[in-house]
Amino acid sequence: MRRLVAGTLAAGALALSLTGCGESVEPIERLGRKTTQEPSQTPSASAPAPASPASPASPAPGGAGDEAYKKWGLTAPVQYAPKPAQKPQLPGAAPGKVPVIDRIPLPAGEKIVFLTFDDGAEKDPEFLKMAADLKLPISMFLTDSVASSDYGHFEKLRDNGSASTVNNHTLTHPNLRTLSFEAQKKEICGQQDKLEQRFGRRPPLFRPPFGNYNDDTLRAASECGVSSILLWRVSMQINNFQYAQGSALQPGDIVLAHFRGPAELKGATEIQMTTRMLQRIQEQGYKIGRLEDYL
């Protein structure tokens, strides 16, 4: 039954062609599947001065300056959820496997979503300024084959005072369902090793490319020291969200975005895409939480 449930969660997440890096244009594939949405003509905002370094352990919510939102094309400040007094009850896993999470259960009435960015192909220094200025708590899922050309970029994002985190998205971004157990373990453990060596910590979270996984993935992730597999139910495209269920955000949604630039976003920048994502969150009356505070 657990295997059936996990497979169903993956199918639900993938029904969007959220395909984990799927329809929203996969940089590693360069890029057979394109989005149907066109970017608006809104220019990116001028960049503020870089924020001073802060400890990655400092809390993200409420850290943005009062006027920061105006610099990045928003009409109101981003609202952040405080760290919960008690963590929610999350799905368990069978012995030797890890749980699969695609939405965070929240108390009734709490409208909170969580930001995750995948891959690491785009390394826009202006985005570093935006994320630091707004103190966006981002859970990064990095793929070595594209992110490792400048891991320092993501280190700056981690250390900007927002309490953002670095997590595992495999070495080379394969469809894990097509690989043997040992090959999957090499992809997952190999990236665990690289991230631990580069960032000083073995990531507890793993996201399978395209959201595709099987029973071997759950076992391999466990043996590699992963505590949870993180999927999603909402994907940010160029202008708008794409939903696995319904036509609006739901409390506890994990939002999938990507580190991508104009080549993959039909001329839009990473900043423009992120501004639109934040606008959509604000329009629907949601706050942003730090994912790791709930796990």
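Presented here is an overview of the structure given in this document. (Residues numbered from 1 in each chain as written. Predicted model: local features only at pLDDT ≥ 70, side-chain atom pairs only at ≥ 80, totals over all residues. Heavy atoms only, no water.)

Once that is clear, we can look at the environment of Leu-106. Mapped onto the secondary structure, Leu-106 falls in the loop between strand S1 (100-101) and strand S2 (112-119). Sequence separation between Leu-106 and Gln-89 is 17 residues; the distance between their C-alpha atoms is 9.1 Å. The residues touching Leu-106, leaving out its near neighbours within four places in the chain, are Ile-112, Pro-251, Gly-252 and Tyr-294. (Helix = DSSP H or I, 4+ residues; strand = E, 2+ residues; numbered from the N terminus. Contact = heavy atoms within 4.5 Å.)

Across its 14 residues, helix H8 (residues 270-283) extends 20 Å between first and last C-alpha, which sits within 8% of the 20 Å expected from 1.5 Å per residue. Every buried residue belonging to H8 is among Glu-270, Ile-271, Gln-272, Met-273, Thr-274, Thr-275, Arg-276, Met-277, Leu-278, Arg-280 and Ile-281, and all of these are buried. Backbone geometry just downstream of H8 places Gly-285 in the positive-phi region, at approximately 75 degrees. (Expected span 1.5 Å × (residues − 1). Buried < 20%, exposed > 50% of the residue type's maximum accessible area, 1.4 Å probe, protein only.)

With that settled, the discussion passes to the pattern of salt bridges. Per the stated rule, a full pass over the model turns up 16 salt bridges. Measuring nitrogen to oxygen at the nearest pair gives 2.7 Å for the salt bridge that ties Lys-185 to Glu-223. Taken as a pair, Lys-185 in helix H6 (residues 181-199) and Glu-223 in helix H7 (residues 215-223) lie far apart in primary sequence, 38 residues in all. The exposure class of Lys-185 is partly exposed, given its relative accessible area of 24%. Assessed through its relative accessible area of 46%, Glu-223 is described here as partly exposed. Arg-290 is the salt-bridge partner of Asp-293, the closest N and O atoms lying 2.8 Å from each other. You can call Asp-293 buried: its relative accessible area is 10%. Ionic contacts of the salt-bridge type, sharing partners, join the residues Glu-155, Arg-158, Asp-159 and Arg-198 into one network. (Salt bridge = Lys/Arg side-chain N within 4 Å of Asp/Glu carboxyl O.)

Once that is clear, we can look at the packing of aromatic side chains. By the definition in use, this model includes 7 aromatic pairs. Aromatic side chains Phe-117 and Phe-259 sit 5.2 Å apart centroid to centroid with 40 degrees between the ring planes, which places their arrangement in the tilted category. Pair noted here: Phe-117 is in strand S2 and Phe-259 is in the loop between strand S9 (254-258) and H8, with a separation of 142 residues, a long-range link. Using a relative accessible area of 1% as the deciding quantity, one classes Phe-117 as buried. Ring geometry for Tyr-151 and Phe-199: centres 5.4 Å apart, planes at 75 degrees, overall edge-to-face. Taken together, the residues span a long stretch of sequence, with Tyr-151 in helix H5 (residues 151-158) and Phe-199 in helix H6 at a distance of 48 residues. Taking relative accessible area as the criterion, Tyr-151 reaches 7% and is therefore assigned buried. Grouping aromatic residues by their ring pairs yields a cluster made of Phe-117, Phe-127, Phe-154 and Phe-259. The cationic tip of Arg-198 hangs over the ring face of Phe-199; the distance from NZ or CZ to the ring centre is 5.4 Å. (Phe/Tyr/Trp six-rings, centres within 6.5 Å; stacked < 30°, edge-to-face > 60°. Lys NZ or Arg CZ within 6 Å of the ring centre and 35° of its normal.)

We now examine the side chain of Lys-135. Residue position: Lys-135 is located in the loop between helix H3 (125-134) and strand S3 (138-142). Buried charge without a partner: Lys-135 forms no salt bridge, and the closest opposite charge is Asp-133, 6.1 Å away. Looking at Lys-135, its side chain comes within polar contact range of the main-chain oxygen of Ala-132, at 2.6 Å. (Lys, Arg positive; Asp, Glu negative; His and termini not counted. Polar contact = N/O pair within 3.5 Å; in protein donor to acceptor, adjacent residues only side chain to side chain.)

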